[in-house]
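# Inside the fold
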Amino acid sequence: ASVAHATIKSDFKSLFTSYDFLVIPVMPGISPKEKNWNDNYRSRLLDFNAAVSLAGLPARSIPQHLASGMSGGIQVVFLEIGHSNMNLVLQRLADN
């Protein structure tokens, strides 16, 4: 398990040599109605979020409300807390 953890962390660090932050989906599509959630959907959610958690990276989820009344979301990931542009990036994404 510690080898996998180190590999995930290393893979993310290599991305941050080219990017200040990453924007990734929080879920595999539009959020379904609660009655439609099942074990398969929960497993897919973990696929989207577990790597960032295992790497120990700070991330902020921002909900996205759609005109249809449904919702989704994005996750903004940084290499470290206090990144120089962190507050600016999060504010601009939240405003849009």
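Above this text is the structure in question.
Anyway, here's the lowdown on the structure attached to this text. (Residues numbered from 1 in each chain as written. Predicted model: local features only at pLDDT ≥ 70, side-chain atom pairs only at ≥ 80, totals over all residues. Heavy atoms only, no water.)

### Comments concerning the overall build of the chain
Tallying secondary structure elements over the chain gives three helices and three strands in all. Of the regular secondary structure in the chain, the N- to C-terminal order runs α-β-α-β-β-α. Contacts in the chain between residues at least 24 apart in sequence constitute 50% of all its contacts with a sequence separation of at least 6. As displayed, the chain offers around 6700 Å² of accessible surface, 54% of which is attributable to carbon and sulfur atoms. Treating the 8 positive side-chain charges of the chain as one cloud and the 7 negative ones as another, the clouds have centres 5 Å apart. (Helix = DSSP H or I, 4+ residues; strand = E, 2+ residues; numbered from the N terminus. Contact = heavy atoms within 4.5 Å. Areas by Shrake-Rupley, 256 points an atom, 1.4 Å probe, with all protein chains shown as cover. Lys, Arg positive; Asp, Glu negative; His and termini not counted. Charge placed at Lys NZ, Arg CZ, Asp CG, Glu CD.)

### Re the packing of aromatic side chains
A full pass over the atoms with the stated rule returns one aromatic pair. Seen in terms of ring centroids, F21 and F78 are 5.8 Å apart; in terms of plane orientation they differ by 40°. Their pairing is tilted. Residue F21 is located in strand β1 (residues 21-25), and its partner F78 is located in strand β3 (residues 71-78); the two are separated by 57 residues in the primary sequence. What makes F21 partly exposed here is its relative accessible area of 30%. (Phe/Tyr/Trp six-rings, centres within 6.5 Å; stacked < 30°, edge-to-face > 60°. Buried < 20%, exposed > 50% of the residue type's maximum accessible area, 1.4 Å probe, protein only.)

### Considerations on the sheet that holds β3
Two strands in a sheet stick together by hydrogen bonds in their backbones, pointing the same way (parallel) or opposite ways (antiparallel). The antiparallel open sheet is built from three strands, whose spatial order is β1-β3-β2. Sheet topology places β1 and β2 (59-65) at the edges, where each strand pairs with a single neighbour. Averaged over all pairs of adjacent strands, the angle between their axes in this sheet comes to 25°, without regard to strand direction. Sitting on the sheet, helix α2 (residues 39-55) is in contact with β1, β2 and β3, with an inclination near 20° to β3. The strands touched by helix α3 (residues 86-95) are β1, β2 and β3; relative to β3, the strand with the most contacts, the crossing angle is about 170°. (Pairing = 2+ DSSP bridges. Axes fitted to C-alpha atoms, helices over the stretch in contact; angles between N-to-C directions.)

### Notes on the packing of helix α1 (residues 2-15) against α2
Taken N-terminus to C-terminus, the directions of α1 and α2 make an angle of 95°; their axes are 8 Å apart at the nearest point. As summarised for this structure, α1 and α2 are arranged roughly perpendicular, according to the angle between their axes. Facing H5, I8, K9 and F12 of α1, the residues of α2 in contact are A51, V52, L54 and A55. Among the residues making up the contact of α1 with α2, the classes are represented as six nonpolar, one polar and one charged. (Parallel < 35°, antiparallel > 145°, perpendicular 65-115°, else oblique. Nonpolar A, V, L, I, M, F, W, Y, C, P; charged D, E, K, R; others polar.)

### A closer look at the pattern of salt bridges
Scanning all chains against the criterion turns up one salt bridge. Between R42 and D39 there is a salt bridge, with its nearest N and O atoms 3.9 Å apart. Of this pair, R42 and D39 both sit in helix α2, separated by three residues, roughly a single helical turn. On the basis of relative accessibility, which here comes to 41%, the residue R42 falls in the partly exposed class. (Salt bridge = Lys/Arg side-chain N within 4 Å of Asp/Glu carboxyl O.)

### Regarding the side chain of Q75
With respect to the element layout, Q75 can be found in strand β3. On the basis of relative accessible area, Q75 is assigned to the buried category, the value being 7%. Engagement of the side chain of Q75 in a polar contact is seen with the side chain of N49, the distance being 3.0 Å. Ignoring anything within four residues of it in the chain, the contact list for Q75 reads L22, V23, I24, P25, V26, F48, N49, V52, A59, R60 and S61. (Polar contact = N/O pair within 3.5 Å; in protein donor to acceptor, adjacent residues only side chain to side chain.)

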